[in-house]
Amino acid sequence: MAILCLTGCGGAQSTLSPHSGAARTISSLWWIMLVGSAIVFAVVVALLAIGLLQRRSRGSAQRRPLSPGTRFVVAFGAVLPAIVIVCLFVLTLDALPKTSPARGKARLEVDVVGRDWFWDVTYPKTGARTANEIHIPVGVPVDVRVTSSDVIHSLWVPELNRKIDVIPGRTNDVVFDARQAGVYRGQCAEFCGLEHAHMALYVVAEPQAAFRRWLSNESAPAPPAANARLERGQQVLLGSDCEYCHRIAGTNASGTIGPDLTHIASRLSLAAGTIPNSRGYLAGWILDPQHIKPGNKMPATNLSGPDLQALLDYLESLR
Ligand code: CUA
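Computed from a predicted model, the values in this text were never measured in an experiment.

**A closer look at the packing of helix H7 (residues 279-287) against helix H9 (residues 305-316)**
Point 1. In contact at an axis separation of 11 Å, H7 and H9 are set at 120 degrees when each is read in the N-to-C sense. Of the possible angle classes, the one that applies to H7 and H9 is oblique. Both H7 and H9 take part in a crossing whose hand is right-handed. Between H7 and H9, the residues in contact are Arg 279, Leu 282, Ala 283, Ile 286 and Leu 287 and Leu 308, Gln 309, Leu 311, Leu 312, Asp 313, Leu 315 and Glu 316, respectively.
Point 2. Along the lines of polarity and charge, the residues of the contact of H7 with H9 split into eight nonpolar, one polar and three charged.

Listed below in structure tokens is the structure:
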């Protein structure tokens, strides 16, 4: 929760606040283009002003010979733009490999599936599965492979790298190589339906030891219900429709339509970055998810007060 609050500070989700080599390349290119276009704009405005003033002072009677003007037009209308375009082309050619995955260099792979409207995240060969949150170790290039199970989405974490299209039937990849520990917000960047705006995720970059602890915990099945109250909460969940859509490793719940709940209590947010992961929001989400995120696939749940409290206790124990 504290980490989620901290993401509100500073330049979160901005291309101009780079935290990786790739993002730095993109922001440098952006600044070069901004400064270049500002200079071009200033020169054009100045020339326009000079032209207008000259015309006024000389009046229309006196006509200037065409040839210096023609040379001027050729220089500023053809030669200079050609030089600018070639420079931009070279800079872009230089930036492309720096923001693209270098084959064989990534030391860790993460699979991300875009779904209406959340991100399903798995770590191959570990059994770890989570949602709307990608943990990566600082200083290690991580190959994030993306695909979609429904429509076209786009994964964009501006502080770490460029956008990558998330297309059904195709796997694209992008490398996240964070230079500093932190929480970087990402967002679906391709209109994908009603809840497109509520399809965010967090990339948590942490020191290697902390990352290994996290991955090892996420790879394990859910902690067993340790007392009678948690057992009751588990029974509420397994006795309801929840288990048909959600998976909790180590229990009978094995649905794949909704986000994996095995370690839901360890996550920063609920509903793909829409609300914080706290008891009150979780209760509101369970009772009336359509109020918070209209159109999502989760139906309202009709639970008694005691059942809801037991279910919340159980879900909060899934660390
Ligand atoms: Cu997914 Cu927009």
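**Describing the sheet that holds strand E4 (residues 133-137)**
Point 1. Overall, mixed pairing links the five strands, which are arranged E4-E10-E9-E6-E7 in an open sheet. In the strand order of this sheet, the two ends are held by E4 and strand E7 (164-166), each with one partner. When the angles between neighbouring strand axes are averaged without regard to direction, this sheet yields 25 degrees.
Point 2. With five bridges joining them, E4 and strand E10 (residues 200-206) adopt parallel strand pairing. Among the inter-strand pairings, Pro 137 is bridged to a residue of E10, identified as Glu 206.
Point 3. Relative to the sheet, helix H4 (residues 208-219) contacts E4 and E10, its axis offset from that of E4 by approximately 135 degrees.

**A look at the sheet that holds strand E8 (residues 172-176)**
Point 1. What the five strands build is an open sheet, ordered E3-E2-E1-E5-E8; its pairing is mixed. Each edge of the open sheet is held by one strand with a lone partner, namely strand E3 (128-131) and E8. Strand-to-strand twist in this sheet, taken as the mean axis angle between neighbours without regard to direction, amounts to 25 degrees.

**What to know about the environment of Asn 302**
Point 1. Its place among the elements puts Asn 302 in the loop between helix H8 (289-292) and H9.
Point 2. C-alpha separation for the pair Asn 302 and Asp 288, spaced 14 residues apart in sequence, amounts to 9.0 Å.

**Topic: the side chain of Asn 172**
Point 1. Residue position: Asn 172 is located in strand E8.
Point 2. With relative accessibility at 12%, the residue Asn 172 sits in the buried group.
Point 3. A distance of 2.8 Å separates polar atoms of two side chains, one belonging to Asn 172 and the other to Arg 170.
Point 4. In contact with Asn 172, other than residues within four places in its own chain, are Val 144, Arg 145, Val 146, Ile 164, Asp 165 and Ile 167.

**Quick notes on the pairing of strand E1 (residues 108-115)**
Point 1. Both E1 and strand E5 (residues 142-148) contribute to a ladder of seven bridges, which runs parallel. Its bridge partner being in E5, Val 110 is matched across the sheet by Val 144.
Point 2. Direction of pairing for E1 relative to strand E2 (residues 118-123): antiparallel, over a ladder of five bridges. In the sheet register, Val 113 faces E2, and the bridge partner there is Asp 120.

**Comments concerning the nonpolar core**
Point 1. Ranked by size, the top nonpolar core spans 32 residues in total, and within it Tyr 123, Ile 134, Ile 136, Val 144, Leu 155 and Phe 176 carry the most contacts.
Point 2. Core analysis: the next-biggest nonpolar cluster, separate from the first, contains 25 residues, Ile 248, Leu 270, Ile 286 and Leu 303 among them.

**Thoughts on the environment of Phe 191**
Point 1. Tracing the sequence through the fold places Phe 191 in the loop between strand E9 (182-188) and E10.
Point 2. Distance in space between the C-alpha atoms of Phe 191 and Ser 154 is 8.4 Å, their sequence separation being 37 residues.
Point 3. Setting aside chain neighbours within four positions, we find Phe 191 in contact with Ile 152 and His 196.

**Thoughts on the domain arrangement of the chain**
The accessible area lost on association of the parts is a frequent measure of interface size.
Point 1. Annotation of the chain at the domain level lists domain 1 (10-98), domain 2 (108-219) and domain 3 (228-316).
Point 2. If you look at the interface, domain 2 gives 21 residues, while domain 3 gives 21 residues.
Point 3. Taken together, the two surfaces of domain 2 and domain 3 that pack against each other cover about 1800 Å², and 51% of this comes from carbon and sulfur.
Point 4. Here Asp 260 ties to Arg 129 by a salt bridge, and the two come within 3.9 Å at their closest N and O atoms.
Point 5. For the interface between domain 2 and domain 3, the tally reads seven residue pairs in polar contact (both at pLDDT 80 or more).
Point 6. At the level of elements, E3, E9, E10 and H4 are the ones that each hand at least two residues to the side of domain 2 that touches domain 3.
Point 7. For the side of domain 2 that touches domain 3, a count of residues per class yields nine nonpolar, five polar and seven charged.

Criteria and cut-off values
- Residues numbered from 1 in each chain as written.
- Predicted model: local features only at pLDDT ≥ 70, side-chain atom pairs only at ≥ 80, totals over all residues.
- Heavy atoms only, no water.
- Axes fitted to C-alpha atoms, helices over the stretch in contact; angles between N-to-C directions.
- Helix = DSSP H or I, 4+ residues; strand = E, 2+ residues; numbered from the N terminus.
- Parallel < 35°, antiparallel > 145°, perpendicular 65-115°, else oblique.
- Left-handed = near helix turned anticlockwise from the far one by under 90°.
- Contact = heavy atoms within 4.5 Å.
- Nonpolar A, V, L, I, M, F, W, Y, C, P; charged D, E, K, R; others polar.
- Pairing = 2+ DSSP bridges.
- Buried < 20%, exposed > 50% of the residue type's maximum accessible area, 1.4 Å probe, protein only.
- Polar contact = N/O pair within 3.5 Å; in protein donor to acceptor, adjacent residues only side chain to side chain.
- Core = buried A, V, L, I, M, F, W, Y, C linked by side-chain atoms within 4.5 Å.
- Domains from an automatic or database assignment.
- Buried area = accessible area lost by both parts, 1.4 Å probe.
- Salt bridge = Lys/Arg side-chain N within 4 Å of Asp/Glu carboxyl O.

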